[in-house]
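Secondary and tertiary structure notes
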Amino acid sequence: MNIIIADNSGFCFGVSRAIKKIYDEIEKGKKIYLWGPIIHNPKVIDDLTSKGVKIIESIDSLNKNDILFIRTHGIPKDTFYTLKKRNINIIDMTCPFVKKVQHIANKFYKEGYKIIIIGDKTHPEVIGVNGWVDNTAIIINTEDEAKELPQIDNVCVVAQTTLKQESFDRIINILSDKIKNINVFNTICDSTKERQESAYKLSQLADIMIVIGGYNSSNTKKLYEICKSNCKETYMIETKDDLPKIDFRNYDNIGITAGASTPDWIINEVVETILSFNNKNRDNQRDTE
Ligand code: SF4
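First things first, this report covers the structure right here in the doc. Not measured: the values here are computed from a predicted model. (Residues numbered from 1 in each chain as written. Predicted model: local features only at pLDDT ≥ 70, side-chain atom pairs only at ≥ 80, totals over all residues. Heavy atoms only, no water.)

To continue, consider the overall build of the protein chain. Helix and strand counts for the protein chain come out as 10 helices and 12 strands. Seen along its three principal axes, the alpha-carbon backbone of the protein chain occupies a region of about 75 × 55 × 25 Å. Across the 289 residues that make up the protein chain, the buried fraction comes to 50%. Restricting the contact set of the protein chain to residue pairs at least 6 apart, pairs at least 24 apart contribute 71%. Summed over its atoms, the accessible surface of the protein chain is roughly 14,200 Å², and 47% of this surface lies on carbon and sulfur atoms. On the protein chain, the mean spot of the 39 positive side-chain charges and the mean spot of the 40 negative ones are 6 Å from each other. (Helix = DSSP H or I, 4+ residues; strand = E, 2+ residues; numbered from the N terminus. Buried < 20%, exposed > 50% of the residue type's maximum accessible area, 1.4 Å probe, protein only. Contact = heavy atoms within 4.5 Å. Areas by Shrake-Rupley, 256 points an atom, 1.4 Å probe, with all protein chains shown as cover. Lys, Arg positive; Asp, Glu negative; His and termini not counted. Charge placed at Lys NZ, Arg CZ, Asp CG, Glu CD.)

Shown next as structure tokens:
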């Protein structure tokens with residue numbers, strides 16, 4: 001039984017940076033407010049709240065001089081300036097890759113282009129980017145939605161940073177055929193590209209794939225879809241407790257990958273649990289011999 005962990009699994013650059021920063025601030029004894037979870041991982045959130053971080057549902061509850069930590073997904077332009085006006089202290093940990101999408105969308109919007117965002121319209125990152133174009137973007141997520149778009153010219157297209165490359169390529173093919181003067185920016189972040197490529201390769205040779213990440217994590221769901229397309233036995237789990245109750249000794253190659261919000265200690269726990277299943281079964285076997 002081989003356990004193979006995909007390259008580029010776990011925390012990405014943006015998440016590592018944000019997590020390091022928030023723990024540094026906690027150590028300084030600061031009271032920090034988070035608007036929504038910093039990353040899509042309940043275990044990390046539990047740890048932060050146990051250390052005094054307060055998660056708020058709305059920025060209305062903040063008072064002057066409170067410290068608000070902006071997560072990697074970023075926030076809309078209006079919100080940013082409202083916070084400034086209200087003298088809320090901002091620790092802005094918007095991932096630089098997300099900032100780049102906001103910047104491109106904002107620049108082309110100001111030049112008169114229609115902005116199309118390829119991504120999930122309910123995802124905070126997409127809501128944030130749309131906010132930098134005064135909520136005027138057309139947001140699409142499927143090839144059918146691309147086909148249904150009316151004829152429009154002078155368009156700038158950006159992508160949610162965690163989009164699947166394949167979805168992006170297919171949608172751009174459709175848009176390119178129907179839009180005159182289209183400016184396409186592939187804003188899928190490098191970290192996502194590398195993670196998806198590694199997961200794709202590993203799932204081609206694995207007999208079973210375990211994808212670890214928050215159930216509400218967009219990039220983890222995409223890893224699951226990629227792995228499932230190559231390996232029928234693909235499971236998405238949040239922690240070791242969600243591992244399927246199966247005999248892992250029946251598999252030669254067990255592949256593991258993890259979303260951008262999954263800390264190493266959760267990956268290690270999963271590996272150790274699979275190994276302990278194996279050892280336990282071996283011990284039971286010995287006892288009956
Ligand atoms: S997935 Fe990419 S864009 Fe999102 S936080 Fe990580 S590095 Fe940044």
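Once that is clear, we can look at the sheet that holds strand β2 (residues 32-35). Read across the open sheet, the 4 strands follow the order β3-β2-β4-β5; overall the sheet is parallel. Only two strands of the sheet have a single partner each, and these edge strands are β3 (54-56) and β5 (89-92). Between one strand and the next, the sheet's axes are offset by a mean angle of 35°, whatever the strand orientation. Note that β2 and β3 share 3 bridges and pair parallel. When the sheet's bridge partners are listed, L34 is paired in β3 with I55. (Pairing = 2+ DSSP bridges. Axes fitted to C-alpha atoms, helices over the stretch in contact; angles between N-to-C directions.)

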